[in-house]
Amino acid sequence: PIEHLQKLGVTIHETDRGGEVTYHGHGQLVGYPIVDTRTLGGPISFIRKIQECLITTLADFNIVGECFDRPTGVWVGKSKMAAIGLHISRGISTHGFALNVAPDLSYFDHIVACGLPGSPATSVEREAGISDTTLVSATLTRHMENIFDWRLQTTTLEELVPELTSI
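Scope of this entry: the structure provided in the associated data block. Fair warning: this is a prediction, and the values are worked out from it, not measured in the lab. (Residues numbered from 1 in each chain as written. Predicted model: local features only at pLDDT ≥ 70, side-chain atom pairs only at ≥ 80, totals over all residues. Heavy atoms only, no water.)

1. Let's talk about the overall build of the chain
Along the backbone of the chain there are 5 helices and 4 strands. Sequence-ordered secondary structure for the chain, helices as α and strands as β, is α-β-α-β-β-β-α-α-α. Intrachain contacts of the chain at a sequence separation of at least 6 include 64% that bridge at least 24 residues. Here the chain has roughly 9900 Å² of accessible surface; of this, 52% comes from carbon and sulfur atoms. (Helix = DSSP H or I, 4+ residues; strand = E, 2+ residues; numbered from the N terminus. Contact = heavy atoms within 4.5 Å. Areas by Shrake-Rupley, 256 points an atom, 1.4 Å probe, with all protein chains shown as cover.)

Given below as structure tokens:
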């Protein structure tokens, strides 16, 4: 119930992205690439490339991530490591992915993440003992640049929306 989540300090935001309910919080790497998916072979190709970037990043930390024969996202065993939820309008993507590096996984106990009951969340920290989001972010950025043939510039939400620092 919403009241229960509010008591936990959770703020709820409804969006138009796919994937039902998710959680975004400290310890996650959240990427919202806004691109023309038509230049990348369409939405499914774009999602597959995002999954490839995430799986390749995890491999650098000796974590075996999978996506085939599974619901969208990246899985480690039976646990979800990364969620992907997009909205595509006129070929342009909004929203994106969230990779669990070192979040408080207990927040996932209060939702049915991605509409998949009985699918626990896991993290890089839980699987490999690594909680350094800066290190994982640099690794993911490198793989995204290589796989998409992009030159990325990272930023923080506070840099994009300075008024959030006062919240």
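2. What to know about the sheet that holds strand S3 (residues 79–89)
Pairing in this open sheet of 4 strands is antiparallel, and the strands run S1-S4-S3-S2 from one edge to the other. On the outer flanks of this sheet lie strand S1 (28–31) and strand S2 (74–76), each paired with one strand and no other. Neighbouring strand axes in the sheet, compared pairwise and without regard to direction, differ in orientation by 10 degrees on average. Packed on one face of the sheet, helix H2 (residues 43–59) meets S2, S3 and strand S4 (92–100) and runs near 150 degrees to S3. Helix H4 (residues 133–148) contacts S1 and S4 of the sheet and is inclined by roughly 30 degrees relative to S1. (Pairing = 2+ DSSP bridges. Axes fitted to C-alpha atoms, helices over the stretch in contact; angles between N-to-C directions.)

3. Here we look at the side chain of Ser79
With respect to the helices, strands and loops of the structure, Ser79 is situated in strand S3. When neighbours within four sequence positions are excluded, Ser79 is seen to be in contact with Val74, Pro120, Ala121 and Thr122.

4. Quick word on the pattern of salt bridges
In the structure shown here, the tally under the stated rule is 3 salt bridges. When the shortest N-O distance is used, the salt bridge between Asp60 and Arg142 registers 3.1 Å. With a gap of 82 residues between them, Asp60 in the loop between H2 and S2 and Arg142 in helix H4 connect regions that are remote in the sequence. Between Arg151 and Glu145 there is a salt bridge, with its nearest N and O atoms 2.6 Å apart. With a relative accessible area of 71%, Arg151 lands in the exposed category. Look at Glu145 and you get buried, because its relative accessible area is 18%. (Salt bridge = Lys/Arg side-chain N within 4 Å of Asp/Glu carboxyl O. Buried < 20%, exposed > 50% of the residue type's maximum accessible area, 1.4 Å probe, protein only.)

5. With respect to the nonpolar core
Membership of the largest hydrophobic core comes to 25 residues, with the highest contact counts inside it found for Leu54 and Leu99. Top contributing element to this core by residue count: H2, with 6 residues. Setting aside residues up to four positions removed in sequence, Leu99 forms contacts with Gly27, Gln28, Leu29, Leu54, Leu58, Met81, Ala82 and Val136. (Core = buried A, V, L, I, M, F, W, Y, C linked by side-chain atoms within 4.5 Å.)

6. Let's talk about the pairing of S4
Along a regular strand, successive side chains alternate from one face of the sheet to the other. Most of S4 sits inside the fold, with 7 of its 9 residues counted as buried. Bridging between S1 and S4 involves 4 bridges; their strand directions are antiparallel. Paired with Gln28 across the bridge in S4 is Asn100. Relative to S4, S3 is paired through 8 bridges, and the arrangement is antiparallel. Following the sheet pairing, Ser89 is matched in S4 by Ile92.

7. Notes on H2
Counted at 1.5 Å a residue, the expected span for H2 with its 17 residues is 24 Å, and the 24 Å between its end C-alpha atoms agrees. Listed in full, the buried residues belonging to H2 are Phe46, Ile47, Ile50, Gln51, Cys53, Leu54, Thr57 and Leu58. For H2, the angular spread of buried residues about the axis comes to 155 degrees, placing them on one side. Residues of H2 that are buried make contact with S2, S3, S4, helix H3 (124–128) and H4. (Expected span 1.5 Å × (residues − 1). Arc of directions from axis to C-beta.)

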